Amino acid sequence: MKGRIRIAAGVLCFLAAAGCGKKQGLETAGGKLYFLNEAETQLVSESYEPKATFREAQVQEYVEALAREPQQRGCKRLLPDNVALLDYSFGEAGQLILNFDANYSALSGITEILIRAALVKTFCQIEGVDYVEFYVNGIPCMSGDVPVGLMKAEDFIDENMYGQVANISVFFANEDGTALLESHRRVSYSTSISMEQLVIEQLLEGPVQEEIQAGMSRTMPEGTELIKVSTKDGVCYVDLNEDFLEKPEGVSEEVVVYAVVNSLVELPNINKVQLRIGGETKKAYQSVPLAEMLERNLNLIETEN
């Protein structure tokens, strides 16, 4: 599922069991278009009923609809004027491949994440589009030095009338900093971010009062910031700033590292974690090796008696 399909220049070949000449018929159904708010801090959706009844025609219709100005006030078009979608095609794994010009690479931070989320959530509404894959000038879009890969709508928290809600597990240190305690959280958010980013942000936030009373303490050093996070083929690549190296007093280095690893591996699409600091892979976090991909460490989890 994570394989990459190269775009054939100038050709939109819609693969089906009987070959490129056969199209897939679709039922017309209501959907949504996703735009940015003016501050580019969250997505805003509009109801939209496509007129087309075939996969390729619906994709083209959504492309054209996203290019217009949104109807709601306080919103803006999804793509900046200087970013162009050059072409799109379909892959054998059910992915829609979007190929942007070089200006897409200049997008960064929450803006790029929101744009990516909006495109994935919009196009995955179409029957026959299970994933969206991002290319820039025919080359896979990168997050740092890791390809973004195939993305599905479930990679981003779903919206409801109260915002976005997710049930996640995160690990904090026990009172003496020698083991991990698990916290189950139900988190509401108003912005579309990946589950990986949500987990890291909860770790950065630290335990709330009820968790502190239950004997939990923070593991992320003060000043730690998330630079980038992405997942490819079951491996989550996490890039944190240099402040992460300043281990909190009274917490073991293993607890600091595996609070991140164990929390992320709780997500169903992640098996291993690669930690990077300031864009570089460090040999070790004090006594804990970081050069290799890290798996869940059950020995550090403190269980109830």
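This report concerns the structure included in the present document. These numbers come from a predicted model, not from an experiment. (Residues numbered from 1 in each chain as written. Predicted model: local features only at pLDDT ≥ 70, side-chain atom pairs only at ≥ 80, totals over all residues. Heavy atoms only, no water.)

**Some remarks on the sheet that holds strand S2 (residues 43-48)**
- Judged by pairing direction, the sheet is antiparallel, and its three strands sit side by side in the order S2-S1-S3 without closing on themselves. Both outer strands of the open sheet, S2 and strand S3 (75-76), are each paired with one neighbouring strand and no more.
- Two strands pair when backbone bridges link them, and strand S1 (residues 31-37) and S2 are joined in this way by six bridges, in the antiparallel orientation. From the neighbouring strand, Leu33 faces S2, where its bridge partner is Glu46. (Pairing = 2+ DSSP bridges. Helix = DSSP H or I, 4+ residues; strand = E, 2+ residues; numbered from the N terminus.)

**A closer look at helix H2 (residues 109-123)**
- Between its terminal C-alpha atoms H2 stretches 22 Å, which fits the 21 Å expected from 15 residues at 1.5 Å a residue.
- Counting buried positions along H2 yields 13 of 15 residues, so the element is predominantly enclosed. (Expected span 1.5 Å × (residues − 1). Buried < 20%, exposed > 50% of the residue type's maximum accessible area, 1.4 Å probe, protein only.)

**Observations regarding helix H1 (residues 55-67)**
- Its 13 residues give H1 an end-to-end C-alpha distance of 19 Å, which sits within 8% of 18 Å, the value for a rise of 1.5 Å per residue.
- Three or more residues of H1 are buried, namely Arg55, Glu56, Gln58, Val59, Glu61, Tyr62, Val63, Ala65 and Leu66.
- In the core, the buried residues of H1 are packed alongside S1, S2, strand S4 (85-90), strand S5 (95-100) and H2. (Contact = heavy atoms within 4.5 Å.)

**Points about the sheet that holds S5**
- The strand order across the open sheet formed by four strands is S4-S5-S6-S7, and the pairing between neighbours is mixed. Both edges of this open sheet fall to S4 and strand S7 (139-140), since each of them pairs with a single strand only.
- Pairing of S5 with strand S6 (residues 131-136) involves six bridges; the strand directions are parallel. Of the residues in S6, the one forming a bridge with Asn99 is Tyr135.
- On the sheet, H1 packs against S4 and S5 and is oriented at approximately 155° with respect to S4. (Axes fitted to C-alpha atoms, helices over the stretch in contact; angles between N-to-C directions.)

**Overview of the packing of helix H3 (residues 195-205) against helix H5 (residues 253-265)**
- At a minimum axis distance of 10 Å, the contact between H3 and H5 shows a crossing angle of 145°. Two packed elements cross with a definite hand, and for H3 against H5 that hand is right-handed. Within the contact between the two elements, H3 uses Glu196, Val199, Ile200 and Leu203 and H5 uses Ala259, Val260, Ser263 and Leu264.
- When its residues are assigned to classes, the contact of H3 with H5 shows six nonpolar, one polar and one charged. (Left-handed = near helix turned anticlockwise from the far one by under 90°. Nonpolar A, V, L, I, M, F, W, Y, C, P; charged D, E, K, R; others polar.)

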